[in-house]
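Each chain, written out:
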Amino acid sequence: MFETSSNLGMHILVEAYDCEPEKLDNLKGVQSAMVEAAELAGATVLDVAFRQFAPQGVSGVVIISESHLTIHTWPEYGYAAIDLFTCGTKADPWKAFKHITNYLKAQKVTTMEVKRGFIPSQAPERSFESEELTKVEGRV
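These numbers were taken from a predicted model, which means no experiment stands behind them.

S.K.: Let's hear about the sheet that holds strand 1 (residues 9-17): which residues, and what values?
M.R.: Within the open sheet, the 6 strands sit side by side as 2-3-4-5-1-6. Their pairing is antiparallel. In this open sheet, the two strands that pair with only one neighbour each are strand 2 (45-52) and strand 6 (108-116). Averaged over neighbouring strand pairs, the angle between their axes works out to 10° when direction is ignored. Relative to strand 6, strand 1 is paired through 9 bridges, and the arrangement is antiparallel. The residue bridging His11 from the neighbouring strand is Val114, located in strand 6. Where helix 2 (residues 27-40) meets the sheet, its contacts fall on strand 2, strand 3 (58-64) and strand 4 (67-74), and the angle it forms with strand 2 comes to roughly 155°. Its contacts with the sheet place helix 3 (residues 93-104) against strand 1, strand 4, strand 5 (79-87) and strand 6, and it is angled at close to 160° to strand 5.

Laid out in structure tokens, this is it:
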């Protein structure tokens, strides 16, 4: 079982390079790989929406009880941007990562893991005045 400590979820941002262009442009293949990835991660699939673009590329989302998995592909560059966001302790986004990058035959991959949803009692203690928030967030 996947464990989290003081956060509600984990979000893995994936940059997949030197992927097989044919796989990146295969709507049914990408969709199947993403749904299988969710299932292998231990997530519960609720809904799926994928689109093929002209002249090439696929974008899609797998909505899971635990959050979502998304992908956007650029076959002309051999590149895919993938987000794997799971909440709770049931689903392991790293299992989804392994399946998707293997399907795409990615030769180079970079990732960033972001822990999401720190509850207030466990969030780092730091407060901002409203003027500081405007500078940080770009809004009032």
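S.K.: Talk me through the nonpolar core; I want residue IDs and the actual numbers.
M.R.: Soluble globular proteins tend to pack their nonpolar side chains together in the buried interior. If you look at the biggest cluster of nonpolar residues, it comprises 30 residues, and the most contacted ones within it are Met34, Val62, Leu69, Ile71, Ile82, Leu84 and Leu104. Top contributing element to this core by residue count: helix 2, with 6 residues.

S.K.: Kindly report on helix 3, identifying the contributing residues and their values.
M.R.: If you check helix 3, its first and last C-alpha atoms are 17 Å apart, about what 12 residues at 1.5 Å a residue would give, namely 16 Å. Taken together, the buried positions of helix 3 are occupied by Pro93, Ala96, Phe97, Ile100, Thr101, Tyr103 and Leu104. Angularly, the buried residues of helix 3 cover 155° about the axis, an arc narrow enough to put them on a single face. Where the residues of helix 3 are buried, they touch strand 1, helix 1 (21-24), helix 2, strand 4, strand 5 and strand 6. Near the N-terminus of helix 3, the side chain that reaches the backbone nitrogen of Trp94, with its oxygen 2.9 Å away, is that of Asp92. Within two residues after helix 3, Lys105 carries a phi angle of roughly 60°, on the positive side.

S.K.: Before we move on, could you go through the pattern of salt bridges and cite the residues and values that matter?
M.R.: Inspection of the entire model under this criterion finds 1 salt bridge. Linking Lys90 and Glu66 is a salt bridge whose minimum nitrogen-to-oxygen distance equals 3.7 Å. Residue Lys90 is located in the loop between strand 5 and helix 3, and its partner Glu66 is located in the loop between strand 3 and strand 4; the two are separated by 24 residues in the primary sequence. The exposure class assigned to Lys90 is partly exposed, which follows from its relative accessible area of 48%. Classification of Glu66 as buried rests on a relative accessible area of 8%.

Calculation criteria
Residues numbered from 1 in each chain as written. Predicted model: local features only at pLDDT ≥ 70, side-chain atom pairs only at ≥ 80, totals over all residues. Heavy atoms only, no water. Pairing = 2+ DSSP bridges. Helix = DSSP H or I, 4+ residues; strand = E, 2+ residues; numbered from the N terminus. Axes fitted to C-alpha atoms, helices over the stretch in contact; angles between N-to-C directions. Contact = heavy atoms within 4.5 Å. Core = buried A, V, L, I, M, F, W, Y, C linked by side-chain atoms within 4.5 Å. Buried < 20%, exposed > 50% of the residue type's maximum accessible area, 1.4 Å probe, protein only. Expected span 1.5 Å × (residues − 1). Arc of directions from axis to C-beta. Polar contact = N/O pair within 3.5 Å; in protein donor to acceptor, adjacent residues only side chain to side chain. Salt bridge = Lys/Arg side-chain N within 4 Å of Asp/Glu carboxyl O.

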